[in-house]
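Chains, contacts and geometry: an overview
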Amino acid sequence: MSRRKMLAGAVALSAAASLPRVAEAAERGDLYKVKHGRINQSVVPWCFKPMPVEELADHAVQLGLKSVELVTPDKFPAIKERGLTCALTSSHGFTKGFAHVEEHEECLKNLTERIDATAAAGFPAVITFSGFRRGLSDEQGIKNMVDGLKKIAGYAEKKRVTLCLEMLNSRVNIEMKGHPDYFCDNMDRSIEIIKQVGSERVKILFDIYHVQIMHGDIITRIKQDHPWVAHYHTAGVPGRNEIDESQEIHYAPIMKAILETGYQGFVGQEFIPLRDKVASLSQAVRICDV
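Residues numbered from 1 in each chain as written. Predicted model: local features only at pLDDT ≥ 70, side-chain atom pairs only at ≥ 80, totals over all residues. Heavy atoms only, no water.

Focus on the overall build of the protein
Per the secondary structure count, the protein includes 10 helices and 7 strands. The C-alpha radius of gyration of the protein comes to 19 Å, within 12% of the 19 Å expected for a compact globule of 290 residues. Principal axes of the C-alpha set define a box for the protein whose edges measure 55 × 45 × 35 Å. Residue burial in the protein is summarised as follows: out of 290 residues, 55% are buried. Look at the contacts in the protein between residues 6 or more apart in sequence, and 73% of them connect residues 24 or more apart. On the protein, roughly 13000 Å² of surface is accessible, and the fraction owed to carbon and sulfur atoms is 50%. If you average the places of the 37 positive and of the 37 negative side-chain charges in the protein, the two averages end up 3 Å apart. (Helix = DSSP H or I, 4+ residues; strand = E, 2+ residues; numbered from the N terminus. Rg over C-alpha atoms; globule rule 2.2 N^0.38 Å. Buried < 20%, exposed > 50% of the residue type's maximum accessible area, 1.4 Å probe, protein only. Contact = heavy atoms within 4.5 Å. Areas by Shrake-Rupley, 256 points an atom, 1.4 Å probe, with all protein chains shown as cover. Lys, Arg positive; Asp, Glu negative; His and termini not counted. Charge placed at Lys NZ, Arg CZ, Asp CG, Glu CD.)

Okay, here's the thing in C-alpha cells:
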C-alpha cells in the first residue's frame, strides 16, 4: 500500500471515529441542531481544512444543515449520498474574471462546464468573479464585465442555473481575508453590472463579511439590494473568524432582515474557526437559526 493511501485511510478512520462522538454530543445538547429552519444553512469546506469534505458533510447532516457548497463536481456524489445539496458550485476562482477581456475565454469555458455539471446534479447556482482591476477605469471594467457575463447568461438561463457574482473586500491585505485591487469591491458597482446584464440568472453573492468591511450598514444594504441577491455568506469582522460575541456583527437581526425580504435561498457559513471546528459551526448554526 502506498504512503498516500495509508494516510487517506488514516484520515477516513479518524473521521469515522469522530462522528459517533459528535452525534453523542448533539444528543446531550452540547451541539446545536437546527430547530426552526427558516434560514437554509450551508457550509463552505475551505474554511475547515484539513477536514475532508466528506467528514464536514457528515457533521452538516448531524447539525441540520441542508448544503455543503463551493465544492467541485468530483464531490457531488458524496454530497448527494448524504441527502445534501450544493447550494453554490465553485468555478474559475477570484484571481481571474470578466473585468479583463483577455480572461473571458477561460472563464466562459470553465463556467460552461460547471453549469453543465451543476444542472446535471440538480444544484442551483455557480459562483463567478470579476478578477483584479489592474489599472482599469470603472467605466471600462463595468463594460467588460457586462459584455462577458452576457455571453454566458443565456446558457445559464437555458440550464436554469444562477451565476452568482461575488463582491469581495479590497481593504484587508491578508490571504483569503481580503483581496486588494479586486474590481468588484463595491456593492453599488457590482449591482450596476447585474442590472446591465439584465438576466434573472445572473445575480449577486452578498458576502456579509466583505460588505461590512467595505460599506457597513448591513441591514439597510440587505433591504435595498435584495432583489439582485441570490446567495449570502457569513464570517466575523474583524478576522473572518467565528460569528460570536468576539466580533462586531450581530448576526441574528441580520438573518431576520434577510427573511423579511422574502429570501428563500441559502446562507453559507464561511468563517475560519479558531476553536474546535464542529463546536464553532454548531454555534454559528444556532445564531443563524432565527
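Considering the packing of aromatic side chains
Under the definition given, this model contains 6 aromatic pairs. Taken together, a centroid distance of 6.4 Å and an interplanar angle of 75 degrees make the contact between Phe-94 and Phe-129 edge-to-face. With Phe-94 in the loop between helix H3 (76-81) and helix H4 (104-121) and Phe-129 in the loop between strand E3 (125-128) and helix H5 (138-159), this pair connects stretches of sequence that are 35 residues apart. An aromatic cluster is built from Phe-94, Phe-129 and Phe-132, whose rings are joined through pairwise contacts. Taking NZ or CZ as reference, Lys-80 lies 5.8 Å from the ring centre of Phe-123, over its face. Geometry around Phe-183 places Arg-189 over its ring, the cationic atom sitting 5.3 Å from the centre. (Phe/Tyr/Trp six-rings, centres within 6.5 Å; stacked < 30°, edge-to-face > 60°. Lys NZ or Arg CZ within 6 Å of the ring centre and 35° of its normal.)

As for the sheet that holds strand E1 (residues 40-43)
Read across the sheet, 7 strands follow the order E2-E1-E7-E6-E5-E4-E3 without closing on themselves; strand pairing throughout is parallel. A strand with exactly one partner marks an edge of an open sheet, and here the two such strands are strand E2 (67-68) and E3. (Pairing = 2+ DSSP bridges.)

Focus on H4
Think of an α-helix as turning once every 3.6 residues; residues three or four places apart then point the same way. With 18 residues, H4 extends 25 Å between its outermost C-alpha atoms, agreeing within 8% with the 26 Å of an ideal straight helix rising 1.5 Å per residue. Buried residues of H4: His-104, Cys-107, Leu-108, Asn-110, Leu-111, Arg-114, Ile-115, Thr-118 and Ala-121, and no others. Buried residues of H4 fall within an arc of 165 degrees about the axis and therefore sit on the same side. Exposed side chains of H4 directed beyond 90 degrees from the buried face belong to Glu-105, Lys-109 and Ala-120. (Expected span 1.5 Å × (residues − 1). Arc of directions from axis to C-beta.)

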